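Architecture at a glance
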Amino acid sequence: MKLFGAASALVMLLAAAGDARADGGPQMVWVTLGPTTTEFVMIEGRDAERLLSERRPPPVDANGASEKDMIAYCANGETQRQVAEKGLVSDVLGAIVGLILDKAADRVRAELAKYSSLSERTVRIDYYRGSPAAAGGSRLESRYTCLRFSRITVAAICSPEVVLELLAGFVIVYVRDAILLRPLRLYVSKAAARSVTGHYGVAISLHGDAVWRDANVGHESVVFDQTIASESIDLTSKPFLTYYGTEPMAGARVPIVPISVDTDRTRDFGRTDLTVTVAETGVQPATLTFLAQFLPTTTDPRTRVLLEAAAIASQPLSLPLP
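Residues numbered from 1 in each chain as written. Predicted model: local features only at pLDDT ≥ 70, side-chain atom pairs only at ≥ 80, totals over all residues. Heavy atoms only, no water.

Right, let's get into unusual backbone geometry. Positive phi outside glycine occurs at Asn 76, with the angle close to 55°. As for its position among the elements, Asn 76 is in the loop between helix H3 (65-75) and strand S3 (91-102). Look at Asp 262: it is not a glycine, yet its phi comes out positive at around 60°. Relative to the elements of secondary structure, Asp 262 occurs in the loop between strand S11 (252-254) and strand S12 (269-282). Of the residues examined, Asp 262 reaches a relative accessible area of 74% and is grouped as exposed. (Helix = DSSP H or I, 4+ residues; strand = E, 2+ residues; numbered from the N terminus. Buried < 20%, exposed > 50% of the residue type's maximum accessible area, 1.4 Å probe, protein only.)

All chains considered together, the criterion is met by one disulfide. Bridging Cys 74 to Cys 146, the disulfide has an S-S length of 2.0 Å. Every disulfide takes its handedness from the sign of the S-S torsion; for Cys 74 and Cys 146 that torsion is -100°, giving left-handed. Of the two residues, Cys 74 is situated in helix H3 and Cys 146 in strand S5 (residues 144-153); the sequence distance between them amounts to 72 residues. In this pair, the class of Cys 74 matches that of Cys 146, namely buried. (Disulfide = S-S within 2.5 Å.)

Let's shift gears to the packing of aromatic side chains. One pass over the structure, following the stated rule, counts four aromatic pairs. Relative to Phe 224, the ring of Phe 170 has its centre 5.9 Å away and its plane inclined at 65°; by these criteria the two rings are edge-to-face. Of this pair, Phe 170 sits in strand S6 (residues 161-172) while Phe 224 sits in strand S9 (residues 217-234), and the two are 54 residues apart along the sequence. An identical accessibility class is assigned to Phe 170 and Phe 224; each is buried. Joined through ring pairs, the aromatic side chains of Tyr 127, Tyr 128, Phe 170, Phe 224 and Phe 269 make up one cluster. (Phe/Tyr/Trp six-rings, centres within 6.5 Å; stacked < 30°, edge-to-face > 60°.)

Moving on: the side chain of Ser 189. By secondary structure assignment, the location of Ser 189 is in the loop between strand S7 (179-188) and strand S8 (199-214). Classification of Ser 189 as buried rests on a relative accessible area of 17%.

Before going further, it helps to spend a moment on the nonpolar core. Nonpolar side chains in soluble globular proteins tend to end up buried together. Counting 37 residues, the largest nonpolar core has Phe 40, Met 42, Tyr 127, Phe 170, Leu 206 and Leu 274 as the members making the most contacts within it. Elements with a contribution of two residues or more to this core: strand S2 (36-44), strand S4 (116-128), S5, S6, S7, S8, S9 and S12. Residues in contact with Leu 274, not counting those within four places in the same chain, are Phe 40, Met 42, Arg 121, Thr 122, Val 123, Ile 125, Phe 170, Leu 206, His 207, Gly 208 and Phe 224. In this structure, Val 41, Ala 48, Val 60 and Tyr 243 belong to the second largest nonpolar core, which totals 21 residues. (Core = buried A, V, L, I, M, F, W, Y, C linked by side-chain atoms within 4.5 Å. Contact = heavy atoms within 4.5 Å.)

What the rule picks out here adds up to 19 salt bridges. Several salt bridges converge on common partners, so that one network encompasses Glu 39, Glu 54, Arg 55, Arg 56, Glu 67, Arg 148, Glu 165 and Arg 185. (Salt bridge = Lys/Arg side-chain N within 4 Å of Asp/Glu carboxyl O.)

With that out of the way, let us pick up the side chain of Thr 275. Turning to its location among the elements, Thr 275 is positioned in strand S12. A polar contact is formed between the side chain of Thr 275 and the side chain of Thr 122, at a distance of 2.7 Å. (Polar contact = N/O pair within 3.5 Å; in protein donor to acceptor, adjacent residues only side chain to side chain.)

Okay, structure coming up:
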């Protein structure tokens, strides 16, 4: 009976994919979700209070202890400035909000893809703060303490609405041998994917690439590729909001950004490309889940984050703050 069921499912799969292209195997395409946009902001300690206060999701209590602790963590003891200086905005290299489809079985995958979504944004920054004192080879000082990734819906008749937002710490540790990456706050009010139960798995990762020089030899490498947070959430009745705390030992240690020899340290330095990827996966109908076992596999690197979100979609739910 099991063999008969698998054979029947395979027949249904082949029928569903009957008009898919057969020349050259699977091809990856992006299907844009709209109207949606993303925002990725690197936060300097001296700008933390202003940036984290200017746009808060509705459930966030500005006077709550958890919110104040988070702002203090991102401020990192630096004197706050009220207006940002010009020229400090990171370059946005690319932004993706879409679904991955494999045209080898696009009818089935198109239906499956409605239950998974991927939001991604890349920025280029100079991570270390330059100064005349730094030119003498003193210890490294990071410009940034935190990052904020937001997914925003933009409707024609409504003002933009933040429907997903992650605040994470991203600061070099005291001994300057690693960067401490840690989630601080996660808010989700609307998912970009479908779910038959209203339950979702959400996984968020940070990827860093760098190019540097050692004498006359150039290097290019992935510096880190780390999951920041993964949650099983329920959006059937209210938005999801949770704080992760600011305990000193919490978080993941990732490598520092490499720098070239003879780098001019009087100016900001340590160029790196940072990419935040957010995968959202809803609970799929049982029939689709069964058919998915017979679909061709994909080697797209973003699949890791999607699979991590899918793995936690059916786990016990995380409890949001009351």
